Amino acid sequence: MQWAAALLGGLFGLVLGSFLNVVVYRMPKIMERQWAADHAEMQGTEPDPATAQPFNLLVPHSSCPHCGHAIRWYENIPVASYLALRGKCSACRVPISPRYPGVEIATAALFFFCIWTWGPTVTGLAWCGFAAALLSLALIDWDTTLLPDDITLPLLWAGLVGASLQWTGVPLFAALWGAVAGYLSLWTIYWLFKLLTGKEGMGYGDFKLFAALGAWFGWEALVPMILMASVIGAMVGIAMKFSSGLREGGYIPFGPFLAGAGLTAMVFGPNAILRFVGL
């Protein structure tokens with residue numbers, strides 16, 4: 001039964017991973033359209049007609065970004081369609097990014113782990129949601145340097161609610177102060193860095209994401225997670241600098257490394273992170 005439940009969870013993760021690809025691609029565009037509409041309203045001007053068309057996570061239907069070919073249902077089967085199409089659009093033959101099946105497989109693996117570890121329970125489903133949210137946030141932040149409130153804030157509240165209902169195994173006291181300490185710690189670092197250098201070292205989305213991790217794991221896990229995120233982030237940044245892979249401005253977003261630390265803590269536990277960084 002445990003294997004069957006975990007496999008079913010993995011299959012569901014495979015399907016949901018396909019939807020996460022839509023979330024990662026469309027969420028920043030939805031935010032930009034909303035900002036443009038708000039700006040036009042404040043300026044008293046008419047919004048761009050192009051932004052007036054319905055655009056959300058469900059509408060319009062998925063299409064090729066290069067030729068506009070509407071993706072048929074049988075071209076949208078997780079992983080299988082990518083293999084059948086040999087990684088190319090069926091209309092224009094432009095290569096499809098391998099990240100799409102990669103996200104689907106990663107989501108399936110995370111869901112399999114959650115159900116295998118916690119069973120087909122509310123706790124297992126809660127950690128599945130946690131994993132899906134972190135994976136989405138990591139990819140969105142890497143692509144756009146944005147961490148949408150529509151994901152970080154529900155993740156934060158879910159951690160507190162999960163602790164209060166004893167779904168996460170973290171006492172509510174530890175979850176509450178984990179959220180407070182997570183937010184205030186990065187907020188303090190942000191302002192100290194800005195006062196000393198006049199530059200912004202991170203965004204407010206990072207504060208909210210770290211607060212969410214504190215809510216899910218408790219305040220004791222914050223130090224291991226920030227250490228891991230900082231060490232790996234520095235290593236990746238140095239490697240990209242020497243390979244000339246840094247984007248304009250010479251920075252990399254911090255959110256993906258926070259998300260990675262959260263997923264590592266979920267799989268191996270916060271104490272394993274300390275061993276990973278040599279402490």
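As a reminder, the structure under discussion sits directly above these lines.
Scope of this entry: the structure provided in the associated data block.

The rules we used
Throughout, residues of each chain are indexed from 1 in the direction in which the sequence is written. Only residues with pLDDT of at least 70 get local features here, since the model is predicted, and only at 80 or more are side-chain atom pairs given and counted; chain-wide, interface and lining totals rely on the full set of residues. Only hydrogens and water are set aside when side-chain values are computed; all heavy atoms of the structure are taken into account. Secondary structure elements follow DSSP: runs of H or I no shorter than four residues count as helices, runs of E no shorter than two count as strands, and numbering proceeds from the N terminus. When we talk radius of gyration, it's over C-alpha atoms, and the globule rule is simply 2.2 Å times the number of residues to the 0.38. Residue exposure (1.4 Å probe, protein chains only): buried if accessible area is under 20% of the type maximum, exposed if over 50%, otherwise partly exposed. Each accessible area is a Shrake-Rupley result for a 1.4 Å probe, and residues are judged covered by the shown protein chains and nothing else. His is not counted here, nor are the chain ends, while Lys and Arg score as positive and Asp and Glu score as negative. The atoms used to mark charge sites are NZ of Lys, CZ of Arg, CG of Asp and CD of Glu. Stacked, tilted and edge-to-face are the three classes assigned to paired rings of Phe, Tyr and Trp, where Trp is represented by its six-membered ring and a pair needs centres within 6.5 Å; plane angles under 30 degrees give stacked, over 60 edge-to-face, the rest tilted.

## A closer look at the overall build of the chain
- In terms of helices and strands, the chain carries ten helices and zero strands.
- Counting from the amino terminus, helix and strand elements in the chain follow one another as α-α-α-α-α-α-α-α-α-α.
- Against the compact-globule benchmark of 19 Å for 279 residues, the chain has a radius of gyration of 20 Å, which places it among compact chains.
- For the C-alpha atoms alone, the extent of the chain along its principal axes is close to 55 × 55 × 40 Å.
- The buried share among the 279 residues of the chain stands at 41%.
- A total accessible area of about 15,500 Å² is found for the chain, and carbon and sulfur atoms account for 68% of it.
- For the chain, the centre of its 14 positive side-chain charges and the centre of its 15 negative side-chain charges are spaced 12 Å apart.

## Let's talk about the packing of aromatic side chains
- All chains considered together, the criterion is met by 17 aromatic pairs.
- Judged by centre distance (4.8 Å) and plane angle (45°), the rings of Phe130 and Trp216 are tilted. Placement of the pair is Phe130 in helix H4 (residues 122-144) and Trp216 in helix H7 (residues 204-217), with a sequence separation of 86 residues.
- Relative accessible area serves as the criterion here: at 0%, Phe130 is assigned to the buried category.
- With centroids separated by 5.5 Å and ring planes inclined at 85°, the aromatic side chains of Tyr183 and Phe207 adopt a geometry described as edge-to-face.

## Regarding unusual backbone geometry
- For the peptide bond that leads from Val59 to Pro60, omega is 0°, which places it in the cis range.
- Checked against the element boundaries, Pro60 lands in the loop between helix H1 (2-43) and helix H2 (80-84).
- Not every positive phi belongs to a glycine, and Arg86 is a case in point at roughly 55°.
- Checked against the element boundaries, Arg86 lands in the loop between H2 and helix H3 (99-118).
- Given a relative accessible area of 75%, Arg86 falls into the exposed group.
- In this model, Thr145 sits at a positive phi of 60°, which is unusual for a non-glycine residue.
- For Thr145, the position within the fold is in the loop between H4 and helix H5 (149-164).
- For Thr145, a relative accessible area of 34% gives the class partly exposed.

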